[in-house]
Amino acid sequence: QVQLVESGGGLVQAGGSLRLSCAASGRTFSSYTMGWFRRAPGKEREFVASISVTGGRIAYANSVKGRFTISRDNAKNTLYLQMNSLKPEDTAVYYCAARRAIVDVSVTAYDYWGQGTQVTVSS
(Lines give C-alpha, C1' and ligand atoms only; values in the text may rest on other atoms or scores of the structure.)
Protein backbone atom coordinates (compact mmCIF):
# COMPACT_ATOMS: atom_id res chain seq x y z
CA GLN A 1 0.00 0.00 0.00
CA VAL A 2 1.15 3.54 -0.67
CA GLN A 3 -0.03 6.88 0.72
CA LEU A 4 0.13 9.97 -1.46
CA VAL A 5 0.23 13.67 -0.56
CA GLU A 6 0.12 16.39 -3.21
CA SER A 7 1.50 19.91 -2.86
CA GLY A 8 2.43 22.90 -5.00
CA GLY A 9 -0.98 24.10 -6.12
CA GLY A 10 -2.01 27.73 -6.03
CA LEU A 11 -3.21 30.75 -7.97
CA VAL A 12 -1.34 31.75 -11.12
CA GLN A 13 -2.01 34.02 -14.07
CA ALA A 14 -2.57 32.62 -17.53
CA GLY A 15 0.76 31.89 -19.19
CA GLY A 16 2.43 31.18 -15.88
CA SER A 17 3.93 28.01 -14.44
CA LEU A 18 3.52 25.77 -11.43
CA ARG A 19 5.20 22.57 -10.30
CA LEU A 20 3.15 20.02 -8.42
CA SER A 21 4.72 17.39 -6.20
CA CYS A 22 3.35 14.15 -4.87
CA ALA A 23 5.16 12.60 -1.91
CA ALA A 24 4.66 8.87 -1.44
CA SER A 25 5.07 6.95 1.78
CA GLY A 26 6.57 3.50 2.01
CA ARG A 27 9.55 1.82 0.40
CA THR A 28 7.80 0.55 -2.72
CA PHE A 29 7.20 3.79 -4.63
CA SER A 30 9.52 2.61 -7.38
CA SER A 31 7.27 -0.36 -8.10
CA TYR A 32 4.19 1.78 -8.92
CA THR A 33 3.12 3.35 -12.15
CA MET A 34 2.11 6.90 -11.26
CA GLY A 35 -0.41 9.27 -12.75
CA TRP A 36 -1.79 12.78 -12.50
CA PHE A 37 -5.49 13.45 -12.90
CA ARG A 38 -7.65 16.53 -12.45
CA ARG A 39 -11.24 17.47 -11.82
CA ALA A 40 -12.54 20.83 -12.95
CA PRO A 41 -15.69 22.32 -11.40
CA GLY A 42 -18.77 20.53 -12.68
CA LYS A 43 -16.75 17.96 -14.63
CA GLU A 44 -15.61 14.39 -14.24
CA ARG A 45 -12.11 13.52 -13.11
CA GLU A 46 -9.86 13.24 -16.17
CA PHE A 47 -6.46 11.88 -17.07
CA VAL A 48 -3.54 14.32 -17.33
CA ALA A 49 -0.33 12.27 -17.46
CA SER A 50 1.17 8.95 -16.45
CA ILE A 51 4.69 7.60 -16.02
CA SER A 52 5.99 4.05 -15.73
CA VAL A 53 8.12 2.77 -12.84
CA THR A 54 11.41 3.63 -14.56
CA GLY A 55 10.13 6.68 -16.43
CA GLY A 56 10.66 4.95 -19.73
CA ARG A 57 7.04 5.16 -20.76
CA ILE A 58 5.03 8.37 -20.46
CA ALA A 59 1.57 9.34 -21.65
CA TYR A 60 -0.13 12.73 -21.77
CA ALA A 61 -3.63 13.95 -22.43
CA ASN A 62 -3.79 15.86 -25.71
CA SER A 63 -4.94 18.97 -23.85
CA VAL A 64 -1.63 19.24 -21.93
CA LYS A 65 0.85 17.76 -24.38
CA GLY A 66 3.74 20.13 -24.97
CA ARG A 67 2.92 22.22 -21.88
CA PHE A 68 3.08 19.76 -18.98
CA THR A 69 5.92 17.41 -18.04
CA ILE A 70 5.58 14.46 -15.68
CA SER A 71 8.65 13.09 -13.93
CA ARG A 72 9.58 11.04 -10.89
CA ASP A 73 12.48 10.68 -8.49
CA ASN A 74 12.38 7.16 -7.06
CA ALA A 75 15.18 7.94 -4.60
CA LYS A 76 12.99 10.68 -3.10
CA ASN A 77 9.68 8.81 -3.43
CA THR A 78 8.30 11.82 -5.27
CA LEU A 79 6.27 12.41 -8.42
CA TYR A 80 6.24 15.79 -10.19
CA LEU A 81 4.14 17.65 -12.70
CA GLN A 82 5.73 20.72 -14.27
CA MET A 83 2.97 22.87 -15.76
CA ASN A 84 3.91 25.65 -18.17
CA SER A 85 1.85 28.02 -20.32
CA LEU A 86 -1.10 27.54 -18.03
CA LYS A 87 -4.58 28.37 -19.29
CA PRO A 88 -7.78 29.18 -17.38
CA GLU A 89 -9.18 25.82 -18.53
CA ASP A 90 -6.41 24.10 -16.54
CA THR A 91 -8.15 25.24 -13.35
CA ALA A 92 -8.96 22.10 -11.36
CA VAL A 93 -8.12 20.00 -8.36
CA TYR A 94 -5.10 17.90 -9.31
CA TYR A 95 -4.65 14.39 -7.92
CA CYS A 96 -1.79 11.95 -8.05
CA ALA A 97 -2.51 8.25 -8.22
CA ALA A 98 -0.68 4.93 -8.19
CA ARG A 99 -1.17 1.48 -9.63
CA ARG A 100 0.83 -1.76 -9.72
CA ALA A 101 0.67 -2.27 -13.45
CA ILE A 102 1.59 -0.63 -16.74
CA VAL A 103 0.77 2.94 -17.76
CA ASP A 104 -2.96 3.50 -18.11
CA VAL A 105 -5.10 6.57 -18.81
CA SER A 106 -8.25 5.35 -17.09
CA VAL A 107 -9.33 6.82 -13.75
CA THR A 108 -10.62 3.43 -12.65
CA ALA A 109 -7.28 1.71 -13.28
CA TYR A 110 -5.60 3.40 -10.30
CA ASP A 111 -5.78 1.98 -6.81
CA TYR A 112 -4.35 4.71 -4.58
CA TRP A 113 -5.13 8.42 -4.59
CA GLY A 114 -3.97 11.56 -2.86
CA GLN A 115 -6.31 14.19 -1.45
CA GLY A 116 -5.69 16.66 -4.25
CA THR A 117 -4.26 20.16 -4.62
CA GLN A 118 -6.11 23.14 -6.10
CA VAL A 119 -4.73 24.89 -9.17
CA THR A 120 -6.44 28.11 -10.23
CA VAL A 121 -5.44 29.95 -13.40
CA SER A 122 -6.75 33.48 -13.79
CA SER A 123 -7.26 35.12 -17.17
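Scroll up to find the structure.
Computed from a predicted model, the values in this text were never measured in an experiment. (Residues numbered from 1 in each chain as written. Predicted model: local features only at pLDDT ≥ 70, side-chain atom pairs only at ≥ 80, totals over all residues. Heavy atoms only, no water.)

A. Geometry of the nonpolar core. Met34, Trp36, Leu79, Leu81, Met83 and Tyr94 are the most contacted members of the largest nonpolar core, which totals 36 residues. When residues of this core are traced back to their parent elements, those giving at least two are strand S3 (18-24), strand S4 (33-39), strand S5 (46-51), strand S7 (68-73), strand S8 (78-83), strand S9 (92-99) and strand S11 (117-122). (Core = buried A, V, L, I, M, F, W, Y, C linked by side-chain atoms within 4.5 Å. Buried < 20%, exposed > 50% of the residue type's maximum accessible area, 1.4 Å probe, protein only. Helix = DSSP H or I, 4+ residues; strand = E, 2+ residues; numbered from the N terminus.)

B. View of the sheet that holds S8. Here 4 strands make up an open sheet; going across it, the order is S1-S3-S8-S7 and the pairing antiparallel. Two strands lie at the open edges of the sheet, namely strand S1 (4-7) and S7, each paired on one side alone. Averaged over neighbouring strand pairs, the angle between their axes works out to 15° when direction is ignored. Relative to S3, S1 runs antiparallel, the two being bridged by 4 bridges. Bridge pairing links Ser7 to Ser21 in S3. (Pairing = 2+ DSSP bridges. Axes fitted to C-alpha atoms, helices over the stretch in contact; angles between N-to-C directions.)

C. Region of interest: the environment of Met83. Residue placement: Met83 occurs in strand S8. Of the residues examined, Met83 reaches a relative accessible area of 0% and is grouped as buried. In the structure, Met83 is positioned 40 residues away from Ser123 in sequence and 16 Å away in space, judged by C-alpha atoms. Discounting chain neighbours no more than four positions away, the residues touching Met83 are Gly16, Ser17, Leu18, Leu20, Arg67, Phe68, Tyr94 and Val119. (Contact = heavy atoms within 4.5 Å.)

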